[in-house]
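Now for the letters of each chain:
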Amino acid sequence: MNVFSTQWFVGIFGKGKKLRLLQLMLIPVLALFIGVTLAFAFAEEPLYFRDPYTGQTGSDWEEISTIHDDLTYGLALAAGFSVTDSIRLQIWNQLVDSEEIGPGSAISYTNCTGGEFPPPPNPNLVCGVKLHSNEIWPLWGSMKDPDHCITSRFGPYSPFFHFPHNNQRELGALHDWAWGITNTLTAYEAYAWGGPGDFTVMQAKCLFTRTAVITTDIQSGSLEAFATYIHSLADYYSHRECIAAMDALGMPWGTHTLTGTDACNYNPISPQPDDVHGREFYTYTDSLRTDEAIHAIYSELVARSLTGEGQFYPLDMNATLAITGSPTLSEALSIFVHQWDFAHPAERRAWMDAMDAAILAQRIPMQRIYLPLVLR
């Protein structure tokens, strides 16, 4: 392996939270020269995970996305799920990105307990004469558990979970697995190799994908599977324009880059309020896709709730909430997206907390009628 590859660099400096400062100091320097290829849809904001059971939070917890974390809890409550199930959906949604969540070196929550990856392909066989001395993707060293974290943004399934196309092969497969229509999740793996001077997927000389059935202990049809699906659904909206741009370039999967593809230009080491993901909040045009994502997720949550897992009647988007300004649910969600920019997630969390309290106060328990079997 080339010692100056991204794989080597992140593998050495990206392991362990105690080395985070060194990582933050060195990776931006490298990124200026090689670009980035990491997947951060609805990017982590400068806000730390808050344990929904204990209220604990702080700088020793992982940074989160208020879309995947705080918002999921509120939407699940509004859709009629119990508090317990809403928390499950919230945590398992965020885990698709975070892999493991906990203070310091502790692990409080993880989705890396039963996943397995197939043996990687032999680049000598799949690349032929194309340069392949440097493994560019996956970034095994950046994964919290490279043996089991199947949803990792750095693993071979990353494009499937984080840059999904809205078709049956990708989002459709996730949908059917999450709803229990099928017991297996068929995805695809992504690999990239290049020469000594190649560091990003965009520079790779040999890109390879293959179909694979994902091995995981996440049960099809479970709320954990459903949370995984709605995370990918949100990521589709977040990466929609980037995916289209990559398709137009003939790339086999979507990826962020700093090489001039505007819809994909993003540096996860230095997120900005006006970059491609920062503009998904506030008054930027890009923020409209956040509205679309929220409405799509809520529709899925309501549909799931009404199948029998919900305990309260879902709130209509036109329902008025008893919070400042008396907005409807739709208007309150719009405020969540458009009132504050990327750099002010604490305000978004506080607004969602107020929404949660109002939703809990006005939910109506669902009265289910169970008719006895008529025996002949």
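Nothing here was measured: the structure is a model prediction, and the numbers come from that model.

**Structural notes on the overall build of the protein**
A count of helical and extended segments in the protein gives 11 helices and 5 strands. Counting across all 376 residues of the protein, residues that qualify as buried make up 56%. Contacts in the protein between residues at least 24 apart in sequence constitute 67% of all its contacts with a sequence separation of at least 6. Working note: accessible area of the protein is about 16000 Å², and carbon and sulfur atoms make up 57% of it.

**A short note on the nonpolar core**
As a rule of thumb, nonpolar side chains are buried together in soluble globular proteins. Phe160, Tyr298, Leu301, Leu321, Leu329, Leu333 and Met355 are the most contacted members of the largest nonpolar core, which has 99 residues in total. Of the residues forming this core, the biggest block, 14 residues, is contributed by helix 8 (residues 223–248). Not counting the four nearest positions on each side in its chain, Tyr298 is found in contact with Leu75, Ala78, Ala79, Pro314, Leu315, Met317 and Leu329.

**Re the packing of helix 8 against helix 9 (residues 287–309)**
Any two packed helices are characterised by the angle at which their axes cross and by the distance between the axes. In the contact formed by helix 8 and helix 9, the axes pass within 9 Å of each other and the chain directions differ by 160°. With respect to helix 9, the axis of helix 8 lies roughly antiparallel. Between helix 8 and helix 9 lies a crossing whose hand is right-handed. Along the contact surface, helix 8 presents Leu223, Phe226, Tyr229, Ile230, Leu233, Ala234, Tyr237, Ser238, Arg240 and Glu241, while helix 9 presents Arg289, Glu292, Ala293, Ala296, Ile297, Glu300, Leu301, Arg304 and Glu309. Of the residues in the contact of helix 8 with helix 9, the class split is 11 nonpolar, 1 polar and 7 charged.

Quick notes on the rules
Residues numbered from 1 in each chain as written. Predicted model: local features only at pLDDT ≥ 70, side-chain atom pairs only at ≥ 80, totals over all residues. Heavy atoms only, no water. Helix = DSSP H or I, 4+ residues; strand = E, 2+ residues; numbered from the N terminus. Buried < 20%, exposed > 50% of the residue type's maximum accessible area, 1.4 Å probe, protein only. Contact = heavy atoms within 4.5 Å. Areas by Shrake-Rupley, 256 points an atom, 1.4 Å probe, with all protein chains shown as cover. Core = buried A, V, L, I, M, F, W, Y, C linked by side-chain atoms within 4.5 Å. Axes fitted to C-alpha atoms, helices over the stretch in contact; angles between N-to-C directions. Parallel < 35°, antiparallel > 145°, perpendicular 65-115°, else oblique. Left-handed = near helix turned anticlockwise from the far one by under 90°. Nonpolar A, V, L, I, M, F, W, Y, C, P; charged D, E, K, R; others polar.

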